[in-house]
Amino acid sequence: MADVFGLREWQQGARERYHSRDGGAGGSFLVVATPGAGKTTFALTIAQDLIDQGVIEKIVVIVPTAHLRRQWSGAASRNGVQLDHRFVNANGVIGRDFDGAVVTYQTVTSEPLLWRKLCSTRRTLVIFDEIHHAGEGDDQRWGSALKLAFDVATRRLLLSGTPFRTDGTPIPFVEYQEKRAVPGYNYDYGMALADGGVVRPAVFPAMDGEAKWRRAGEIPVTSITLADTDEKTVPPALKAALDPNGEWIPSVLQEADAALTQARIDAPDAGGLVVAFDQSAARAYASMLERITGERPAIAVSDEPDSSKIIESFKDDDSRWIVAVQMVAEGVDIPRLAVGVYATRVRTQMFFTQVVGRFVRMRGEEDETTARLFIPSIQPLLSYAQSIEKTVDAVLADEEKRVREIQESDDSDSDGPPSLLPAFETVGSSAATHHTTIASGESITTEEMNYAKTVMNRAGAAPRGMTTEYVALILRTAGATSTVPTQRTAAPAEAPLADQKHEVKKLLKRKVGRYSIATNKPHQFIHGELNRHFGDNSKTATLESLLKRIQLLDHWLKETQQ
């Protein structure tokens, strides 16, 4: 929901909280908001507020990567704020025709006294984008340099896409309780999903397979499936699975490209992202995708200017895939991303959450895409995915509850760093096999996969491109659905008809998405079938007709289980 300033409801709430606290404790205020929620817009709004109030004169934005300098500068320029994204320390001063500058953490920490001088001469707001990076510098010395540079700043606004902890030296300007950062305002994925129009739901096909390796200089070969790995065997097994010379990663890329083909039926420019663990692997994966698709993927392997241009070009075109190391894992805005492959050895929850954030940013309230991120079937990735999917399931349940209340009312009138690997020699890997799909916070087992095959056999000829994985996912997911009840309970307070229809349409889109995964039918085809059945469309349909559409979708979903 936007206010008269074009802000979403959470952004306006955070804005009011910020000003009520007069910029937070000691002039510092931390906002934790899920990736894709609009932290940049919020921060620029606060900056403009403070300029208008005469509190500050200059703005300094600190970002983790060089690519984000251009992104911030572009966003600021569209809002009438000019930030120099080409500033270098050798300049010494910020140009008078700029409102400020955008630089990296590395730039500041290399000359903290320069930035202390700049913040001392003009009243300055410092915006720290993804502030948790301040704890990831060289031996965590970034923290002390940032404190030296910016403790004289008039105001400090700290932004992060995920909650974070400190296991070493606390990050300056951040308040902690029991080692966890305490935000001045928090807007998590579940809140964004429930609001609608902000983030998409996501599912996580988890791919199993056999990995083989041996210790350097030894003959015996260790062989294990990814799903059976433990803390000691995960590193070498994952390294073997991600080895471009094995069979696992090519087969996963094949599956992911099939999913992307399906997504592009409804969104012709939908794109895919492979997050690789190093530059060599990224180039190898790109070659595999070229053989699969006949199209050379974009490759972004560093923070060099050319890579920024590659990302910007991919963002605006309709090509299928981009392969990157870590530079696209955080902060980069490519809303058309719909399918991903998690092909990196990094196993921290923060990094995983940031990668997921690349796929869940919605392109407006009409976007019905369900994001898919293919992951290795190892812990702790499965647990991270389950945590996110439990949130999705809880939001869907809440939406269904609100729609049941609307139905009842209507009857009365008539949503860290890579692990260090030991010295192992990779021997090979098998083709990937489906281990589980994380859906509704649960795992789809091999038995459920077998049941899905039975369902497909009963159905006869399956639509082209349908996979057992998609059917198994929806069979698990559909088991949590419920039809609209016919028995009345206490009627809630009557909401305006427009609000009632808005809630029902949100749930309708979720149901269409689930049925699309079950049948591999495009969203537009499913909506067309509903339109023909009811003789109207979702834009002109009455509330009663919308509710009947949901009932029919639930019936169709149940048929996939029979």
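Coordinates for the structure precede this section.
What counts as what
- Residues numbered from 1 in each chain as written.
- Predicted model: local features only at pLDDT ≥ 70, side-chain atom pairs only at ≥ 80, totals over all residues.
- Heavy atoms only, no water.
- 1 Å grid on protein atoms, 1.4 Å probe; cavity = no way out; pocket = protein on both sides within 12 Å on 5 of 7 lines; lining within 4 Å.
- Points joined across faces, edges and corners; volume = space filled by probe spheres on them.
- Helix = DSSP H or I, 4+ residues; strand = E, 2+ residues; numbered from the N terminus.
- Nonpolar A, V, L, I, M, F, W, Y, C, P; charged D, E, K, R; others polar.
- Buried < 20%, exposed > 50% of the residue type's maximum accessible area, 1.4 Å probe, protein only.
- Pairing = 2+ DSSP bridges.
- Axes fitted to C-alpha atoms, helices over the stretch in contact; angles between N-to-C directions.
- Parallel < 35°, antiparallel > 145°, perpendicular 65-115°, else oblique.
- Left-handed = near helix turned anticlockwise from the far one by under 90°.
- Contact = heavy atoms within 4.5 Å.
- Expected span 1.5 Å × (residues − 1).
- Salt bridge = Lys/Arg side-chain N within 4 Å of Asp/Glu carboxyl O.

## Thoughts on the layout of surface pockets
In step 1: Estimated volume of the second largest pocket: approximately 840 Å³.
In step 2: Residue lining of the second largest pocket: 38 residues in total, with E365, E366, D367, E368 and K509 positioned closest to the centre.
In step 3: Among the secondary structure elements, those contributing two or more residues to the lining of the second largest pocket are α9 (248-266), α16 (497-519) and α17 (523-534).
In step 4: Per-element accounting of the lining of the second largest pocket gives the leading share, nine residues, to α16.
In step 5: Across the lining of the second largest pocket, the residue classes break down as nine nonpolar, 14 polar and 15 charged.

## Re the pairing of strand β10 (residues 202-208)
In step 1: Where burial is concerned, most of β10 is hidden: seven out of the seven residues are buried.
In step 2: Burial along β10 is two-sided: the face carrying A202, F204, A206 and D208 and the face carrying V203, P205 and M207 are both buried.
In step 3: When β10 meets strand β17 (residues 371-376), the two strands line up parallel, connected through four bridges. Residue pairing in the sheet places A206 in a bridge with I375 of β17.

## A word on the packing of α16 against helix α18 (residues 543-559)
In step 1: Where α16 contacts α18, the two axes come as close as 10 Å, and the packing angle between them is 20°. Classified by the angle their axes make, α16 and α18 are roughly parallel. Viewed along their axes, α16 and α18 form a crossing whose handedness is left-handed. In this structure, α16 contributes L497, Q500, K501, V504, K505, L507, L508, K511, V512, R514 and Y515 to the contact, and α18 contributes L543, L546, L547, R549, I550, L553, D554, W556 and L557.
In step 2: Taken together, the residues of the contact of α16 with α18 sort by class into 13 nonpolar, one polar and six charged.

## Here's the deal with the environment of A338
In step 1: If you trace the backbone, A338 turns up in strand β16 (residues 337-343).
In step 2: Relative accessible area serves as the criterion here: at 2%, A338 is assigned to the buried category.
In step 3: The spacing of A338 and R372 is 34 residues in sequence and 6.5 Å in space, taken between C-alpha atoms.
In step 4: Every residue in contact with A338, bar those within four places of it in the chain, is listed here: R200, A263, A270, G271, F359, T369, T370, A371 and R372.

## Considering the sheet that holds strand β6 (residues 155-160)
In step 1: Across the sheet, which stays open at both edges, the seven strands sit in the order β3-β4-β2-β5-β6-β1-β9 with parallel pairing between neighbours. With partners counted over all chains shown, the strands left at the sheet margins are β3 (83-84) and β9 (185-187), one partner each.
In step 2: Here strand β2 (residues 58-63) pairs with strand β4 (residues 100-104) via five bridges, running parallel. When the bridges of β4 are listed, I59 appears paired with G100.
In step 3: Taken strand by strand, helix α2 (residues 39-52) contacts β1 (28-33), β2, β5 (124-128) and β6, and its axis lies near 170° from that of β6.
In step 4: The sheet contacts of helix α3 (residues 66-78) involve β2, β3, β4, β5 and β6, and relative to β4 the element is tilted by about 155°.

## Quick look at α2
In step 1: If you check α2, its first and last C-alpha atoms are 20 Å apart, about what 14 residues at 1.5 Å a residue would give, namely 20 Å.
In step 2: For α2, every residue scored as buried is listed here: K39, F42, A43, L44, T45, I46, A47, D49 and L50.
In step 3: Here the buried face of α2 lies against α1 (9-20), β1, β2, α3, β5 and β6.
In step 4: At the exit of α2 stands G54, carrying a positive phi of roughly 75°.

## Section: the environment of I265
In step 1: Within the fold, I265 resides in helix α9.
In step 2: When its relative accessible area of 35% is taken as the criterion, I265 is described as partly exposed.

## Quick word on the pattern of salt bridges
In step 1: Scanning the model with the defined rule gives 14 salt bridges in all.
In step 2: The salt bridge involving K511 is made with D554; its shortest N-O contact spans 2.8 Å. Residue K511 is located in helix α16, and its partner D554 is located in helix α18; the two are separated by 43 residues in the primary sequence. Per residue, the accessibility class of K511 equals that of D554, and both read buried.
In step 3: Through salt bridges with shared partners, a single network forms among E57, R122 and R123.

## Structural notes on helix α12 (residues 349-357)
In step 1: Burial of α12 is extensive: seven of the nine residues sit out of reach of the surface.
In step 2: Regarding α12, the residues found buried are M350, F351, F352, Q354, V355, V356 and G357.

## Observations regarding the pairing of β6
Side-chain positions along a regular strand alternate between the two faces of the sheet.
In step 1: Within β6, six of the six residues are buried, which leaves it mostly tucked inside the rest of the structure.
In step 2: By the alternation rule, side chains of β6 split into R155, L157 and L159 and R156, L158 and S160, which are all buried.
In step 3: Relative to β6, β1 is paired through five bridges, and the arrangement is parallel. Each bridged residue has a counterpart across the sheet, and for V32 the counterpart in β6 is S160.
In step 4: Where β5 meets β6, four bridges bridge the pair, whose relative direction is parallel.

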